[in-house]
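Structure assessment
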Amino acid sequence: LYRKWRPKSFFDVVGQEHITVTLKNEIMTSKISHAYLFTGSRGTGKTTCAKIFAKAVNCLHPKDGEPCNECEICRGIDDGTVLDVEEIDAASNNGVDNIRDLRDEVNFTPSVAKYRVYIIDEVHMLSAGAFNALLKTLEEPPAHGIFILATTEVHKLPATILSRCQRFDFGRIQPGDIAARLRQVAEGEGFSVTDEAAMLLARLADGALRDALSLLDQCAARSREITADVVAEATGMVGRDYLHDIAAAVRTENGGAGLLLIDRLYNASKDMERLCAELIEYFRGLMIVKSVEKPDDLIVAPPAEIARMREEAAAFSLPAILHCMDVLQQSLERLRGGVSRRVEMEMALLKLCTPELDVSPESMLRRLKSLEDAVRAGQAAGA
């Protein structure tokens, strides 16, 4: 779906109006820069906008800065037959020789289009030598050459490259905008998606429309009527009662029950690294529920699960939740390089169930909070 429904004009791009309006104005006023830098998280429209821009500057009949998508240039760029627009994957073409070939090629005049446009995706993957080779071309480009650099990690680019580009920052797309696009795609594809399901998919996508469309594709394969329950089943959000059970074991400081749960999950082939990551996300949910008045926008979960998390969070102190997250974060790092993942997970759970086994400051704060609560309630043991 994300390939089929990729926008072909700036008007169709969702959630990046501050960028599309600027690009259209540049095209209408013929004030086109020689180098652009598109940066932002994945799935937010960087490469899509680069391709639309490449069509718009070369279009034979542009209208208000938009490509017509009907002339031979636009159709040729869409189907890849116009060689004057080239997309380069810097992850696999990151050597200095690749950039030298590009530097020599850009000096040739375009064959059929007005501009030669080079879209360099994942540009942060270029080697130091490749960046140096690219720098000279960006300093003195030919009049017919346009470079569009796209990256998710702009901090890895040299300052010399950044200073020679017109930079556009693509923000994460808002859940409401993603949900509206999903409903539009579903209607075009002939299946239905409820408002609740669309919002749930939008939150799962974490601001990436491409990810949301991939998830919608996955749900559509399961059912032509997509509800929140279908989304939960297709994305593995249901059947996670073990997270609540583990949290209950931690809350009651029942290490034995926690170890039995780990054993059951291990024998069911549950990956321990995935389990640890899910527990971190679960305790993050408890932290948000305890700290934010309306946590629905920050937690990706059905309403019933959020209600259950509210009940669980009420029985936890905030220091205890933070201690759990800290222990699990450290364990996740060790799980990726350790020998026995099961043993590492069991050790982490025992530290959570028995705070005195952990000597970290977070554990001390958790134990101190428990003592303070006991004193206030008049339950402190005598000397």
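Above this text is the structure in question.
Attention in this report is confined to the structure presented alongside it. None of these values were measured; they are calculated from a predicted model.

In this section: the overall build of the chain. Looking only at helices and strands, the chain features 17 helices and seven strands. On C-alpha atoms alone, the chain measures out to a radius of gyration of 26 Å, which is more than a quarter above the 21 Å that the 2.2 N^0.38 rule sets for 383 residues. Based on the C-alpha atoms only, the size of the chain along its principal axes is roughly 90 × 50 × 40 Å. The 383 residues of the chain split such that 46% are buried. The average position of the 46 basic charges and that of the 57 acidic charges among the side chains of the chain differ by 1 Å.

The next thing to look at is helix α11 (residues 241-251). Those residues of α11 that sit buried are Y242, L243, H244, I246, A247, A249 and V250. In this structure, the buried side of α11 is in contact with α12 (255-267), α13 (272-291), α14 (303-314), α15 (318-335), α16 (341-353) and α17 (361-376). The first or second residue beyond α11 is E253, which carries a positive phi of 55°.

Another point: the packing of helix α1 (residues 17-29) against helix α2 (residues 46-58). Each pair of packed helices can be summarised by the angle the axes make with each other and by the distance between the axes. Across the interface, α1 lies against α2 with an axial gap of 11 Å and an inter-helix angle of 15°. The angle between the axes of α1 and α2 places the two elements in the roughly parallel class. You can see that α1 and α2 cross each other, and the crossing is right-handed. Taken together, the residues of α2 that come into contact with α1 (itself represented by T20, L23 and I27) are C49, F53, A56 and V57. Taken together, the residues that form the contact of α1 with α2 break down as six nonpolar, one polar and no charged.

As a further point, take the packing of aromatic side chains. Both the distance between ring centres and the angle between the ring planes are used here to describe each pair of aromatic rings. All chains considered together, the criterion is met by eight aromatic pairs. Ring geometry for Y36 and F168: centres 6.1 Å apart, planes at 25°, overall stacked. Remark: F168 occurs in strand β5 (residues 166-170) and Y36 occurs in strand β1 (residues 35-40); sequence separation between them is 132 residues. With 5.8 Å between their ring centres and 80° between their planes, Y282 and F283 make a pair best called edge-to-face. Put simply, the rings of Y36, F38, F53, F168 and F170 pair up and form one aromatic cluster.

Moving on to the nonpolar core. Residues L275, F283 and M345 are the most contacted members of the largest nonpolar core, which totals 37 residues. Per-element accounting of this core gives the leading share, ten residues, to α13. Filtering out sequence-adjacent residues up to four positions away, F283 remains in contact with A247, F316, I321, C324, M325 and L328.

Under the defined criterion, the tally for this structure stands at 25 salt bridges. The shortest N-O distance in the salt bridge between E278 and K270 comes to 3.4 Å. In this structure E278 comes out as buried when scored by relative accessible area, which is 8%. For the salt bridge of R341 with E273, the shortest nitrogen-to-oxygen distance reads 3.2 Å. Residue R341 is located in helix α16, and its partner E273 is located in helix α13; the two are separated by 68 residues in the primary sequence. Note on R341: relative accessible area 30%, which makes it partly exposed. Bridged by salt links that share partners, the residues D271, E273, R336 and R341 form one connected network.

Procedures and definitions
- Here the residue numbers are simple positions, counted from 1 along each chain's written sequence.
- The predicted origin of the model limits local features to residues at a pLDDT of at least 70 and limits the giving and counting of side-chain atom pairs to 80 or more, whereas totals for whole chains, interfaces and linings rest on all residues.
- Hydrogens and water molecules were not included; the side-chain quantities draw on all heavy atoms of the structure.
- Helical segments are the DSSP runs of H or I of at least four residues, strand segments are the runs of E of at least two, and each set is numbered from the N terminus.
- Each radius of gyration is computed over the set of C-alpha atoms, and the globule rule expresses the reference value as 2.2 Å times the number of residues to the power 0.38.
- Only protein chains enter the accessibility calculation, which uses a 1.4 Å probe. A residue is then buried if its area is under 20% of the maximum for its type, exposed if over 50%, and partly exposed in between.
- Two residue types count as positive, namely Lys and Arg, and two as negative, namely Asp and Glu; His and chain ends fall outside the count.
- Taken as the charge location is NZ of Lys, CZ of Arg, CG of Asp or CD of Glu.
- Whether two residues touch is decided by their heavy atoms; if any such pair falls within 4.5 Å, the residues are in contact.
- Orientation is described by axes fitted as lines to C-alpha atoms, over the contacting stretch for helices, and by angles from 0 to 180 degrees between their N-to-C directions.
- For classification purposes, an angle smaller than 35 degrees is called roughly parallel, one larger than 145 roughly antiparallel, one from 65 to 115 roughly perpendicular, and anything else oblique.
- By definition, turning the near helix anticlockwise from the far helix through less than a right angle yields a left-handed crossing, and turning it clockwise yields a right-handed one.
- Under this grouping Gly is polar, as are all residues other than the nonpolar Ala, Val, Leu, Ile, Met, Phe, Trp, Tyr, Cys and Pro and the charged Asp, Glu, Lys and Arg.
- Put simply, two rings from Phe, Tyr or Trp (the six-membered ring, in Trp's case) pair if the centres are within 6.5 Å, and we call them stacked under 30 degrees between planes, edge-to-face over 60, tilted for the rest.
- Here, nonpolar core means buried Ala, Val, Leu, Ile, Met, Phe, Trp, Tyr and Cys residues that are tied together by side-chain atoms lying within 4.5 Å of each other.
- Any Lys or Arg side-chain nitrogen located within 4 Å of an Asp or Glu carboxyl oxygen qualifies as a salt bridge.

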